[in-house]
Amino acid sequence: MAALLEVRELRKSFGGIGAVNGVSFAVHAGEILGLIGPNGSGKSTLFNCILGQLAPSSGEVRIDGRPIGGMRPCDLNRLGIGRTFQLLQVFPQLSVRENLLLAGQEHEGGMWSRLFGPRDAGLSAAANRMIDFFRLAALAEERAGALSYGQQKLLDVAMAFMAGPRLVLLDEPAGGVNPTMLGGLRERLKAINETGRSTFVVIEHNMEFVMSLCTRILVLAEGRIIAEGAPEAIRNDRAVIEAYLGT
Amino acid sequence: MLLWQTSQTINFAQGEFVMLPAFFVLAAMKFGGLSFPMAMLAGFAVSLLVLGLLFKRLVVEPVIRHGVLPLVISTIALAILMKEGVKEFYAADAQPFPAAWATTNLQVAGMVVSVQNLVIIAVAALAVAALQYFLAGTRTGRSMQATAQNPALARVLGIPVGRMVLYTFLINAGLVALASFLVSPIYLAKFTNGETLGLVAFVAAIVGGFNQVRGAIAGGLLLGVVDNFVAAYLSAQYRAAIPLFLLIAVILLRPQGLLGRVEERTV
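Residues numbered from 1 in each chain as written. Chains lettered and ligands numbered in written order. Predicted model: local features only at pLDDT ≥ 70, side-chain atom pairs only at ≥ 80, totals over all residues.

**Quick notes on the overall build of chain A**
When you go through chain A residue by residue, the secondary structure sums to 10 helices and 10 strands. For 247 residues, the compact-globule formula gives about 18 Å, and the C-alpha radius of gyration of chain A, at 18 Å, lands near that figure. Across the 247 residues that make up chain A, the buried fraction comes to 43%. For chain A, the proportion of contacts with a sequence separation of at least 24, taken over those separated by at least 6, is 67%. (Helix = DSSP H or I, 4+ residues; strand = E, 2+ residues; numbered from the N terminus. Rg over C-alpha atoms; globule rule 2.2 N^0.38 Å. Buried ≥ 20, exposed ≤ 12 C-beta atoms within 10 Å, placed from the backbone. Contact = placed C-beta atoms within 7 Å.)

**Comments concerning the sheet that holds strand 5 (residues 66–67) of chain A**
Residue and element names in this part refer to chain A. Here we have 4 strands laid out as an open sheet, ordered 2-1-4-5, and antiparallel in their pairing. With partners counted over all chains shown, the strands left at the sheet margins are strand 2 (17–27) and strand 5, one partner each. As judged from the 5 bridges shared by strand 1 (residues 5–14) and strand 4 (residues 58–63), these two strands associate in the antiparallel manner. Directly across from Val 7, in strand 4, lies its bridge partner Val 61. (Pairing = 2+ DSSP bridges.)

**Some words on helix 8 (residues 161–187) of chain B**
Each full turn of the α-helix corresponds to 3.6 residues, which orients residues three or four apart in the same direction. All names here are of chain B. Its 27 residues give helix 8 an end-to-end C-alpha distance of 38 Å, which sits within 8% of 39 Å, the value for a rise of 1.5 Å per residue. Remark: the principal bend of helix 8, roughly 25°, maps to Phe 181, with a proline, Pro 185, within the next four residues. Trailing helix 8 by a residue or two, Leu 188 shows a phi angle of about 65°, which is positive. (Expected span 1.5 Å × (residues − 1). Bend = angle between axes of the 7 residues up to and from the residue.)

**So, the interface of chain A and chain B**
The interface is formed by 21 residues belonging to chain A together with 17 residues belonging to chain B. For the side of chain A that touches chain B, the secondary-structure elements that each account for two or more residues are helix 2 (73–78), helix 3 (96–105) and helix 4 (111–116) of chain A. Taken together, the residues of the side of chain A that touches chain B break down into 9 nonpolar, 6 polar and 6 charged. (Nonpolar A, V, L, I, M, F, W, Y, C, P; charged D, E, K, R; others polar.)

**Structural notes on the confidence of the model for chain B**
All names here are of chain B. Predicted confidence across chain B gives a mean pLDDT of 88, with 98% of residues reaching 70 or more. When pLDDT is averaged over each helix and strand of chain B, the minimum, 75, is found for helix 1 (residues 2–7) and the maximum, 95, for helix 2 (residues 14–30). Interface confidence in the predicted complex, given as ipTM, is 0.76; pTM for the same model is 0.79. (pLDDT = per-residue confidence, 0-100.)

**Looking at the nonpolar core**
Formed by 131 residues in total, the largest nonpolar core has its most connected members in Leu 100, Leu 155, Ala 158, Met 162, Val 202 and Val 219 of chain A. Broken down by element, the residue count for this core peaks at 13 residues, all from helix 8 of chain B. The two domains that each donate at least three residues to this core are domain 1 (2–187) and domain 2 (192–267) of chain B. Those residues in contact with Met 162 of chain A, other than ones at most four positions away along the chain, are Leu 100, Ala 103, Gly 104, Ala 126 and Met 130 of chain A. (Core = buried A, V, L, I, M, F, W, Y, C linked by C-beta atoms within 7 Å. Domains from an automatic or database assignment.)

Written out as structure tokens, the structure reads:
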């Protein structure tokens, strides 16, 4: 069976400097793959190349065995691929509920229903479930821009799941989230993975978070994969320790 | 204002955009032999094509990637081109423009009220209500708001950002055509019409708040009322300076406009 996501010999250079230098890996349905590495190791560039927001210099990305090079982010969304960003991304002037409806509505109905159909696109129940699941009920009608950083982060993650994606690329979901919220976020991601059969690729600097969430971890340094394996093996890998400590 | 919010387009030819559709209608009647209603329809369609689609494709898209300033200069050049083009190829003198409604006056509680002015107020109010409903009450409108607030996220969520921006340009073209058809019977179709209209609209938007539709409406009302009070009770000679005084005062005291929101922008 073809891997859900397959990256083959991906390279990306900026003015002769290689940010991603021939990275290959596969992600199978149901996995939670962690992608870690020191700052500047090419993790976010790799995400952007996978999602078509940067054109790779060479190499290939496949979904279900099918090349997706040149596809627009909105087309990838329709293939069931979602993402969150390293920096917070919400629609600040819209309410929490409207942010969630927006995140799911592009999969529903045609042009006519977008103009004259129900404004919730039949997604109110799904939005309510997501609001309850991420414990945002008290804030549902608040402007997203008025929420705390941690609450906006939860909303950001919740939005990524509104359209029922098969694969979600999470870019530092734990960044800036307080420890109490972090535990809840990890449990929710695990629950979605188990019950919703979503597959995740997670970039994260918080080692405790990534080690307790992911089933497999890839380590990038200077644009190359230097280690791959189960969390416990990665924790004790000499090459990984050297890459992080610079020894 | 709509164009700014969805595509960071500042259009200094907006006044000329209001001037031009009236000439599309007159040209359709004069050269195409169309009746006035048919010419209005043709003028509206040509406005959508030229001031919406072609403006976006041929002016905004090639220039905006070089920054806002080149686009500002380009739209100033476009304004001059439109104005001089109409003067050169259609007429340098004011042209009568037919009214689609009665041009009589009504006596209301001892006051004389022009039917034309009432029609303008009614159509403008309807247009604003329809625009507000579209933006706030439909999924497409919500997608347009999302595009204006965070285009990168909108793309990732599957919103066709390019199409949403195109809709904004088409709505802008439709609104300027409507404005042109409303004011031209009163002010006549003149190649210079855009100068005053563009300046007043720009000042009204800044005074009211550049990021709020209701702000621009409030700004326009305030300018109109102040302008007429100054002309009636102070001096008609200074009425043209009043919008500029108001503009300076707002920029100094409340830069976001009377009803505008403070926005943070990453630079």
